[in-house]
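Chain residues, written in single-letter form:
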Amino acid sequence: MKQLIDLATWPRREHFAFFSQFDEPFWGLTTSLDCTRAHAEARRLGVSFYLYYLHATAAAANRVPEFRYRAENGQVVCYDEVHVSPTIGRPDHTFGFGFIEFRAALAEFVPLARHEIARVQALGGLGLSDTTARPDVLHCSALPWVQFTGLSHARSFRGGDSCPKISFGKLYTEGEGLRLPVSVHVHHGLADGYHVGEFLRILQELL
């Protein structure tokens, strides 16, 4: 479900109109989060750390309304809930797009994610579908081979895309803890630095 935002009374109406005219309305930043406890908890639960932080990412995004806003046909809507559309790697070093419906409970999310990973890995090509093209998703990707400090995305400027892009890098050790590189890109007409900061603050708490 989604709710239409009344642009006449929305405080961000001028921001949305201004940035929607840009060829590239997205902006982003890269940081790192302490994941020492989360990594240990995932191991204790017998869950891959990737699925653990993917679930935490969706949970954090669902707690920030701006991460549920989407631009659709010149209007702004707020989805009640957003899900995950991750890139899923294969043994031949290609990848496909997947769709994982969000579940508040990790124990319910993980089986769905494992099933979707197995499904995409058994296919060839990108696996584009109506579900991967849904607007109520977060576009997520992982680069577990690279401890990056910056990241950009390939984007079509003609498609009207407004889904947040969230990417994760290679875990690294700092002192006695573990840190995870995180890159976040959002449509500037829908979200500013404060909102990305709130998302990262909540994600850090969940980790």
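As the structure is a computational prediction, the values presented were derived from the model and not from experiment.

S.K.: What is the right way to read the sheet that holds strand S1 (residues 2-4) from this model?
M.R.: What links the strands of a sheet is backbone hydrogen bonding, and the strands pair in either a parallel or an antiparallel sense. An order of S1-S4-S3 is seen for the three strands of this open sheet, with the pairing classed as antiparallel. With one partner strand each, in any of the chains shown, S1 and strand S3 (69-72) form the two edges of the open sheet. Each neighbouring strand pair of the sheet contributes to a mean axis angle of 35°, computed without reference to strand direction. Direction of pairing for S3 relative to strand S4 (residues 75-79): antiparallel, over a ladder of four bridges. The partner of Glu72 across the bridge, within S4, is Gln75.

S.K.: Looking at this structure, I do not really get a nonpolar patch on the surface. What am I missing?
M.R.: Side chains of Phe95, Leu126 and Leu128 sit close together on the surface and give an oily, nonpolar patch of about 300 Å² of accessible area. Mapped onto the secondary structure, Leu128 falls in the loop between helix H4 (106-121) and strand S7 (137-142). Taking relative accessible area as the criterion, Leu128 reaches 63% and is therefore assigned exposed.

S.K.: Whenever I open this one, the nonpolar core confuses me. Can you help?
M.R.: In summary, soluble globular proteins display a tendency toward joint burial of nonpolar side chains. Counting residues in hydrophobic clusters, the biggest one holds 46 residues, and the most contacted among them are Phe49, Phe67, Ile166, Val182, Val184 and Phe199. The element best represented in this core is helix H3 (residues 49-62), accounting for ten residues. Judged by nonpolar contacts, the second largest core, of seven residues, contains Trp10, Phe16, Val76 and Cys78.

S.K.: Please clarify how unusual backbone geometry should be interpreted in this entry.
M.R.: For residues other than glycine, phi is negative in most cases, and the peptide bonds are mostly trans. Even without being glycine, Asn73 reaches a positive phi, approximately 55°. In this structure, Asn73 sits in the loop between S3 and S4. Accessibility expressed as a relative area gives 83% for Asn73, which makes it exposed.

S.K.: Which parts of the structure should I look at to understand the pattern of salt bridges?
M.R.: In a structure, side chains of opposite charge can pair up when their charged atoms sit close to one another. Counted by the stated rule, this structure contains twelve salt bridges. Salt-bridge contacts for Arg201 lead to Glu198; the nearest nitrogen and oxygen are separated by 2.9 Å. In this pair, Arg201 and Glu198 both sit in helix H5 (residues 193-206), three residues apart, roughly one turn of the helix. For Arg201, a relative accessible area of 38% translates into the label partly exposed. Judged by relative accessible area, which is 22%, Glu198 ranks as partly exposed. Members of the salt-bridge network, linked through shared partners, are Glu24, Arg155, Asp161 and Lys165.

S.K.: I tried to follow the pairing of S7 on my own but got confused; where do I start?
M.R.: Working note: regular strand, side chains alternate between the two faces of the sheet. As paired strands, strand S5 (residues 83-89) and S7 are joined by four bridges and run parallel to one another. Each bridged residue has a counterpart across the sheet, and for Pro86 the counterpart in S7 is Cys140.

S.K.: What is the right way to read the packing of H3 against H5 from this model?
M.R.: In helix packing, the relevant descriptors are the interaxial angle and the interaxial distance, both defined with respect to the helix axes. In the contact formed by H3 and H5, the axes pass within 9 Å of each other and the chain directions differ by 135°. Looking at the two axes, H3 sits oblique to H5. In this structure, H3 crosses over H5, and the sense of that crossing is right-handed. Contacts between H3 and H5 involve Tyr52, Ala56, Thr57, Ala59, Ala60 and Ala61 from the first element and Phe199, Ile202, Leu203 and Leu206 from the second.

S.K.: So what exactly am I meant to see when it comes to H4 here?
M.R.: An ideal rise of 1.5 Å per residue puts 22 Å on 16 residues; H4 measures up with 22 Å between its terminal C-alpha atoms. For H4, every residue scored as buried is listed here: Leu106, Phe109, Val110, Ala113, Glu116, Ile117 and Val120. Looking straight down H4, one finds its buried side chains confined to an arc of 135°; they lie on one side. Turned more than 90 degrees off the buried face of H4, the exposed positions are Ala107 and His115.

S.K.: Which parts of the structure should I look at to understand the state of the cysteines?
M.R.: Each disulfide is one covalent bond, formed between the sulfur atoms of two cysteines. In the structure shown here, the tally under the stated rule is zero disulfides. Unpaired in this structure, Cys35 has its nearest cysteine sulfur neighbour in Cys140, at a distance of 16 Å. Accessibility expressed as a relative area gives 0% for Cys35, which makes it buried. Note on Cys78: no disulfide assigned, nearest cysteine sulfur contributed by Cys163 at a separation of 13 Å.

Rules used in this analysis
Residues numbered from 1 in each chain as written. Predicted model: local features only at pLDDT ≥ 70, side-chain atom pairs only at ≥ 80, totals over all residues. Heavy atoms only, no water. Pairing = 2+ DSSP bridges. Helix = DSSP H or I, 4+ residues; strand = E, 2+ residues; numbered from the N terminus. Axes fitted to C-alpha atoms, helices over the stretch in contact; angles between N-to-C directions. Patch = residues over 30% accessible without salt bridge, like charges linked within 9 Å, V, L, I, M, F, W, Y side chains within 5 Å. Areas by Shrake-Rupley, 256 points an atom, 1.4 Å probe, with all protein chains shown as cover. Salt bridge = Lys/Arg side-chain N within 4 Å of Asp/Glu carboxyl O. Buried < 20%, exposed > 50% of the residue type's maximum accessible area, 1.4 Å probe, protein only. Core = buried A, V, L, I, M, F, W, Y, C linked by side-chain atoms within 4.5 Å. Parallel < 35°, antiparallel > 145°, perpendicular 65-115°, else oblique. Left-handed = near helix turned anticlockwise from the far one by under 90°. Contact = heavy atoms within 4.5 Å. Expected span 1.5 Å × (residues − 1). Arc of directions from axis to C-beta. Disulfide = S-S within 2.5 Å.

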